[in-house]
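Residue-level structure breakdown
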Amino acid sequence: MFPASSVLPVTQEQHDQHRSKSGFETRAIHAGYEPDAATGAVIPPIYATSTYKQDGVGGLRGGYEYSRSGNPTRTALEGNLAALEEGERAFAFASGLAAEDTLLHSVCGPGDHVVIPDDAYGGTFRLVDKVATGWGLEYDAAPVSDVDAVRAAIRPGRTRLVWVETPTNPLLNIGDIEALAGVAHDAGALLVVDNTFASSYLQQPLTLGADVVVHSTTKYAGGHSDVVGGALVVRDLELAERVGFHQNAIGAVAGPFDSWLVLRGLRTLAVRMDRHCDNAERVVEFLAGHPKVAQVIYPGLEEHPGHAVAARQMKRFGGIVSFRVAAGEQAALDACARAEVFTLAESLGGIESLIEHPGRMTHASVAGTALEVPSDLIRLSVGIETADDLLADLDRALG
Ligand SMILES: *Cc1c(COP(=O)(O)O)cnc(C)c1O
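Treat the numbers as computed from the prediction; the structure is a model and nothing was measured. (Residues numbered from 1 in each chain as written. Predicted model: local features only at pLDDT ≥ 70, side-chain atom pairs only at ≥ 80, totals over all residues. Heavy atoms only, no water.)

Points about the sheet that holds strand E12 (residues 377-381)
So the rule is basically this: DSSP calls a pair of strands paired once it identifies at least 2 bridges connecting them. A helix here means a DSSP run of H or I that spans at least four residues, while a strand means a run of E at least two residues long, and both kinds are numbered starting from the N terminus.
Sheet architecture is open: five strands sit in the order E8-E9-E12-E11-E10, paired in mixed fashion. Two strands lie at the open edges of the sheet, namely strand E8 (293-297) and strand E10 (343-344), each paired on one side alone. Sheet topology note: the strand E9 (residues 320-325)/E12 ladder contains five bridges and is antiparallel. The partner of valine 321 across the bridge, within E12, is leucine 380.

As structure tokens, then:
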């Protein structure tokens, strides 16, 4: 059912780069691509081609036949991502949700069951609740920070996936990846970690026992708010075959231009993330001492309930900061409107700082449900501008 040819061959050299032989930054810059044999091009070309000349019927050069099945620019990105996450193989998609949909089709069928976070990314919740249930998938939701609750939500023999985000959006709850992997594996299920918020630099879930990593590469991986993309990275070859088959069969692949942009983003992921974290720490310190702020939510704070787990499994605590405004919803909306360096917009993970009101924007669709977020909550995606300018802007916005 899953022909070996559904996964393109990789050279031994590329395969070795998937292993953690060299440092993260070295892999980010070199893994997945060797300078072009014909021209020496140091950066992979954008292979804007749908098809490939065959040297006699079936004589494929490097395994390339048709660009839904494989494209060299996409292969370079996939090799790089696999190396960064220390996975067996990676697969690049047209969006994070396209990656998620392909994973659900690869692993689940009618009557199967998945456990998702009770504060899952809204698009993930909609995909499972409104689309996957239509073809017979069942689900339960549990808080990722509560291992016992996740265990209780599993239906032995029917649960195929335990789906986790950590940190979650926008309340930055933390799931213990190692413990959750044990819970999933005890029940014969796979552990999926949406690693979008942490990024491959701050957290490598496969090394902690997860089976699949999901990314919206739209966010930190691309990092410049100029591309929409997604990825799956898997730990073993059998699952890689299944995902590779479904990637080709469903066809929601990343195009060559988008692949090139995401790969360019990954080259600088480490330096960008360190600056995102530096600036987020400054912002957290500033907000924690601000009289108009009621509460700052950041896994790097010792009072955060997930701090100890986050400190164990993340390199640093990330670039997303949420906080509650003491004077309530209208004051939070006013602050969003007054910010200037922080741009009022959805999404996150780009070089520019963004501010948003989850209750009215990203999380408006969960108002009135158990997933409702506080109305005085503001979420910041802290960018890599001059930190002093960010603090001055927040001070002005808070009035
Ligand atoms: C944005 C996002 C997604 C969905 O990705 P798209 O690229 O928008 O399809 C999934 N998970 C998380 C955590 C996200 O932030």
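Quick word on unusual backbone geometry
Look at the link from threonine 166 to proline 167: it is a cis peptide, with omega at -5 degrees. Along the chain, proline 167 falls in the loop between strand E4 (159-165) and helix H7 (177-186). The phi dihedral of serine 199 is positive, around 80 degrees, even though this residue is not glycine. Counting through the fold element by element, serine 199 comes out in helix H8 (residues 199-202). Its identity as a non-glycine residue notwithstanding, serine 347 has a phi of 75 degrees, on the positive side.

Structural notes on the pattern of salt bridges
Inclusion rule: Any carboxyl oxygen of Asp or Glu that lies within 4 Å of a side-chain nitrogen of Lys or Arg is treated as forming a salt bridge with it. Only protein chains enter the accessibility calculation, which uses a 1.4 Å probe; a residue is then buried when its area is under 20% of its type maximum, exposed when over 50%, and partly exposed in between.
What the rule picks out here adds up to 20 salt bridges. Residue aspartate 274 is joined to arginine 316 by a salt bridge in which the shortest nitrogen-to-oxygen separation is 3.1 Å. You can see aspartate 274 sitting in helix H11 (residues 269-288) and its partner arginine 316 sitting in the loop between helix H12 (307-313) and E9, a full 42 residues away along the chain. Among the salt bridges present, the one from arginine 282 reaches aspartate 388, with a minimum N-O distance of 2.8 Å. In this pair, arginine 282 is assigned in helix H11 and aspartate 388 in helix H14 (residues 387-398), connecting sequence segments 106 residues apart. Arginine 282 sits in the partly exposed class, given a relative accessible area of 34%.

Concerning the site of the ligand
Test applied: Whether a residue is near a molecule or strand depends on its heavy atoms: if one lies within 4 Å, it is near. Under this definition, polar contacts are N or O atom pairs within 3.5 Å; protein pairs additionally need one hydrogen-donor-capable and one acceptor-capable atom, and for neighbouring residues in sequence, both atoms have to be side-chain atoms. For this classification, Asp, Glu, Lys and Arg are treated as charged, while Ala, Val, Leu, Ile, Met, Phe, Trp, Tyr, Cys and Pro are nonpolar and the rest, including Gly, are polar.
Neighbouring residues of the ligand: Ser95, Gly96, Leu97, Glu100, Tyr121, Asp194, Thr196, Phe197, Ser216, Thr218, Lys219 and Gly229. Between serine 216 and the ligand, the recorded distance is 2.8 Å, taken from a side-chain N or O atom to an oxygen atom. Tallied by class, the residues present in the shell around the ligand amount to three nonpolar, six polar and three charged.

Section: the domain arrangement of the chain
Often, the extent of an interface is quoted as the loss of accessible area upon association of its parts. We count it as follows: Domain start and stop points were drawn from an automatic or database domain assignment. What makes two residues a contact is simply this: any of their non-hydrogen atoms within 4.5 Å. When two parts are brought into contact, each loses some accessible area as probed by a 1.4 Å sphere; the total of that loss over both is the buried area.
Partitioning the chain into structural domains gives domain 1 (12-266) and domain 2 (270-397). Placing the centre of domain 1 and that of domain 2 at their C-alpha centroids yields a distance of 26 Å. Contacts between the two partners involve 30 residues from domain 1 and, on the opposite side, 38 residues from domain 2. Each partner contributes to the roughly 2,800 Å² buried at the junction of domain 1 and domain 2, and carbon and sulfur atoms together form 63% of this total. The three residues of domain 1 that bury the most area against domain 2 are Tyr201, Leu202 and Tyr220, which together make up 27% of that side's buried surface. Here domain 1 is connected to domain 2 by one salt bridge. Among the salt bridges present, the one from arginine 312 reaches aspartate 176, with a minimum N-O distance of 2.8 Å. Counting every contact that joins domain 1 to domain 2 gives 14 residue pairs in polar contact (both at pLDDT 80 or more). Of all the secondary-structure elements, those providing two or more residues to the side of domain 1 that touches domain 2 are helix H2 (24-30), H8 and helix H10 (256-267).

Notes on the packing of aromatic side chains
Put simply, the rule reads: Only the six-membered ring of Trp is used, alongside the rings of Phe and Tyr, when aromatic pairs are assigned; centres must lie within 6.5 Å, and planes under 30 degrees apart are stacked while those over 60 apart are edge-to-face, with the rest tilted.
Applying the stated criterion across every chain, the model contains four aromatic pairs. Here the aromatic rings of tyrosine 52 and tyrosine 64 are separated by 5.5 Å at their centres, their planes lie at 35 degrees, and the arrangement is tilted. Residue tyrosine 52 is located in the loop between H2 and helix H3 (72-85), and its partner tyrosine 64 is located in the loop between H2 and H3; the two are separated by twelve residues in the primary sequence. A relative accessible area of 16% means that tyrosine 52 is categorised as buried. With a relative accessible area of 14%, tyrosine 64 lands in the buried category. Relative to phenylalanine 317, the ring of tyrosine 298 lies with its centre 6.4 Å away and its plane at 70 degrees, an arrangement referred to as edge-to-face. Taken together, the residues span a long stretch of sequence, with tyrosine 298 in the loop between E8 and H12 and phenylalanine 317 in the loop between H12 and E9 at a distance of 19 residues. The class of tyrosine 298 is buried, set by a relative accessible area of 2%.

Considering helix H5 (residues 122-131)
Those residues of H5 not exposed but buried are Gly123, Thr124, Leu127, Val128 and Asp129. In this fold, the buried residues of H5 make contact with helix H4 (96-107), strand E2 (113-117), strand E3 (138-142) and E4.

Overview of the confidence of the model for the chain
Just so we agree on the cut-off: Scored from 0 to 100, pLDDT reflects the predictor's confidence in each residue.
Averaged over every residue, the pLDDT of the chain is 94; the share at 70 or more is 95%. For the stretch residues 1-7, pLDDT sits under 50, and the model shows 16 contacts to residues farther than four places along the chain or on other chains.

Quick look at the pairing of E12
Summarising burial for E12: five of the five residues are buried, a large majority. The two faces of E12 match: Leu377, Arg379 and Ser381 on one face and Ile378 and Leu380 on the other face are all buried. One ladder, built from three bridges, connects strand E11 (residues 354-356) with E12; its direction is antiparallel. Across the sheet, the residue bridging to glutamate 356 is arginine 379, located in E12.

Description of the packing of H11 against H14
Spelled out, the test is: To define axes, lines are fitted to C-alpha atoms, for helices over the stretch in contact only, and angles between the resulting N-to-C directions are given on a 0 to 180 degree scale. By definition, any crossing whose near helix is turned counterclockwise from its far helix by less than a right angle is left-handed, and any crossing with a clockwise turn is right-handed.
Where H11 meets H14, the closest approach of the two axes is 10 Å, and the angle between their N-to-C directions is 35 degrees. Of the two possible hands of crossing, H11 and H14 adopt the one that is right-handed. Here Asn279, Arg282, Val283, Phe286 and Leu287 of H11 come into contact with H14, specifically with Ala387, Asp388, Leu390, Leu391, Leu394, Asp395 and Leu398. Of the residues contributing to the contact of H11 with H14, the split by class is eight nonpolar, one polar and three charged.

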